[in-house]
2 protein chains.
Amino acid sequence: MKLYDSKYAPNPRRLRVFMAEKGIECEKVELNIPKGENLTEEFLSINPRGLLPTLVLDDGTVLDESVAICRYFEELHPEPRLMGSDALSKAQIEARQRQMEFDGLFPAAEAFRNSYPGFAKRGLSGNQGEVEAIPELAARGKASVNRFFENLNNHLAENQYVCGDSFSIADITALCTIDFATTAARVAVPDGLDHLNRWHIEVSARPSAAA
Amino acid sequence: MKLYDSKYAPNPRRLRVFMAEKGIECEKVELNIPKGENLTEEFLSINPRGLLPTLVLDDGTVLDESVAICRYFEELHPEPRLMGSDALSKAQIEARQRQMEFDGLFPAAEAFRNSYPGFAKRGLSGNQGEVEAIPELAARGKASVNRFFENLNNHLAENQYVCGDSFSIADITALCTIDFATTAARVAVPDGLDHLNRWHIEVSARPSAAA
């Protein structure tokens, strides 16, 4: 098993944290996305979309999409459960996981991609050719991330974790989103979001957060 | 069980097709999104994000996110399997389902939302306040949808379905994406995409496609 990885990008980190929670290790190949190492002929022959993370199994089968790779490991190594244990909890965790992506991670990625000078002609991730950045989209993304912070803070006022009483993949997506938003996308968490900060300190203290 | 639905929007249709494949029926409440019926105080008290589809179970539990609701039904009514049967097929179908969303449905939605006059101040879906449309994003979305059509055609040249040898949720997402893109978002399928057309005729002929 070989994992094509990238240290500073949020999607590869989501998978690394997930694997660390389950104690799964594997060989890693580090690719630098700003340098375009995910768009070489060699890597596109493995994943034509040019996206990371990408996992290659021992028989050569290629899996992409971070959440789909998480699903693979969840099925093979169910404990600790990070994607639910019955129909309802599986659906609830998937819904909140997707909310963290669509309301938080995607706008943060839009804010970053459309303002980082190195991506001025790489406005979309992966192998989509030359796409001009859209500065208005960076501004819209930052505003969305601010709403995301506020909404998540309100949710965490009454919930220990992003979905119910236990740590799940939804927390992992939220953690990687916040850390990416506040560093790469330069959107600070507003003052006074005490519940968000309480939760962030708690999940960041898990050994998996260093993965 | 009560399903908050919307006839012409692609996400509610994905769920209706999925349920039809499994023979699941339930009470439906139709909401008109352009008229803002998803943003009333009454509906936001059920789903604060204002998104459709939203399912309310008999005990009052609320589930949102179309794919998460599909997961709920897949777990409760496994046959016919639409989300895979083992670790690898579950992961592969989830990866392709997400690819259909991110490479096709989301750009089609961007193309529509940022060009439809009624959404000039509703540039983002659901309950996100007044957000100005970005015309450049409509153009970018259309270009992405064209790449999506080409890539899917190439894939279907060598595969009967979007993921392997059987119909799955990935086909449902692709079908709803194409029909939404070619009608609401007004992006025509380019001439000569014979494999895409072969597949589209085949999946459109399934009784579930009328759902």
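Residues numbered from 1 in each chain as written. Chains lettered and ligands numbered in written order. Predicted model: local features only at pLDDT ≥ 70, side-chain atom pairs only at ≥ 80, totals over all residues. Heavy atoms only, no water.

Novice: Describe the sheet that holds strand S2 (residues 27-30) of chain B, and please don't skip the residues or the numbers.
Specialist: Residue and element names in this part refer to chain B. Read from one edge to the other, the open sheet built from four strands follows the order S2-S1-S3-S4, with strand pairing classed as mixed. Looking at which strands have only one partner, the edges of the open sheet turn out to be S2 and strand S4 (62-64). Across the sheet, the axes of successive neighbouring strands diverge by a mean angle of 20 degrees, strand direction being ignored. As paired strands, strand S1 (residues 2-5) and strand S3 (residues 54-56) are joined by three bridges and run antiparallel to one another. The partner of Lys2 across the bridge, within S3, is Val56. Helix-sheet contacts for helix H3 (residues 66-76) involve S3 and S4, and the interaxial angle to S4 is about 120 degrees. (Pairing = 2+ DSSP bridges. Helix = DSSP H or I, 4+ residues; strand = E, 2+ residues; numbered from the N terminus. Axes fitted to C-alpha atoms, helices over the stretch in contact; angles between N-to-C directions. Contact = heavy atoms within 4.5 Å.)

Novice: Outline the side chain of A:Arg14, supporting the account with residue identities and numerical values.
Specialist: Turning to its location among the elements, A:Arg14 is positioned in helix H1 (residues 10-22). Only 2.5 Å separates the side chain of A:Arg14 from the side chain of A:Asn11, close enough to count as a polar contact. Sequence-distant contacts of A:Arg14, that is, excluding residues within four places in its chain, are made with A:Ser66, A:Val67, A:Gln97, A:Glu101, A:Leu105, A:Ile172, A:Thr173, A:Cys176 and B:Arg98. (Polar contact = N/O pair within 3.5 Å; in protein donor to acceptor, adjacent residues only side chain to side chain.)

Novice: Which residues make up helix H1 (residues 10-22) of chain B, and what are the values?
Specialist: Over its 13 residues, H1(B) extends 19 Å from the first C-alpha to the last, a length consistent with the 18 Å expected when each residue adds 1.5 Å. Burial of H1(B) is extensive: 11 of the 13 residues sit out of reach of the surface. If you check which residues of H1(B) are buried, you get B:Pro10, B:Pro12, B:Arg13, B:Arg14, B:Leu15, B:Arg16, B:Val17, B:Phe18, B:Met19, B:Glu21 and B:Lys22. In this fold, the buried residues of H1(B) make contact with helix H4 (87-113) of chain A together with S1, S2, H3, helix H4 (87-113) and helix H6 (169-182) of chain B. Phi for B:Gly23, located one or two positions after H1(B), is positive at around 70 degrees. (Expected span 1.5 Å × (residues − 1). Buried < 20%, exposed > 50% of the residue type's maximum accessible area, 1.4 Å probe, protein only.)

Novice: Hey, could you go over the interface of chain B and chain A for me, with residue numbers and the actual values?
Specialist: Many analyses report the size of an interface as the accessible area lost when the parts associate. Contacts between the two partners involve 40 residues from chain B, matched on the other side by 40 residues from chain A. For the pair chain B and chain A, the summed buried area comes to about 3600 Å², and 56% of that belongs to carbon and sulfur atoms. When the area that chain B buries against chain A is broken down by residue, the three leading residues are B:Arg49, B:Arg98 and B:Arg140, summing to 17%. For B:Arg98, the salt bridge goes to A:Glu101, with nearest N and O atoms at 2.6 Å. (Buried area = accessible area lost by both parts, 1.4 Å probe. Salt bridge = Lys/Arg side-chain N within 4 Å of Asp/Glu carboxyl O.)

Novice: Summarise the confidence of the model for chain A; cite the residues concerned and give the values.
Specialist: Scored by pLDDT, chain A comes out at a mean of 97, with 100% of its residues at no less than 70. What the predictor reports for the complex is a pTM of 0.97 with an ipTM of 0.97. (pLDDT = per-residue confidence, 0-100.)

Novice: Explain the pairing of S2(B) residue by residue, including any values.
Specialist: Residues in a regular strand point their side chains to alternate faces of the sheet. Residues and elements named next belong to chain B. Relative to S2, S1 runs parallel, the two sharing four bridges. Bridge pairing links Lys2 to Glu27 in S2. What joins S1 to S2 is H1, and the crossover it makes is right-handed. (Right-handed = clockwise from strand over helix to strand, strands pointing away.)

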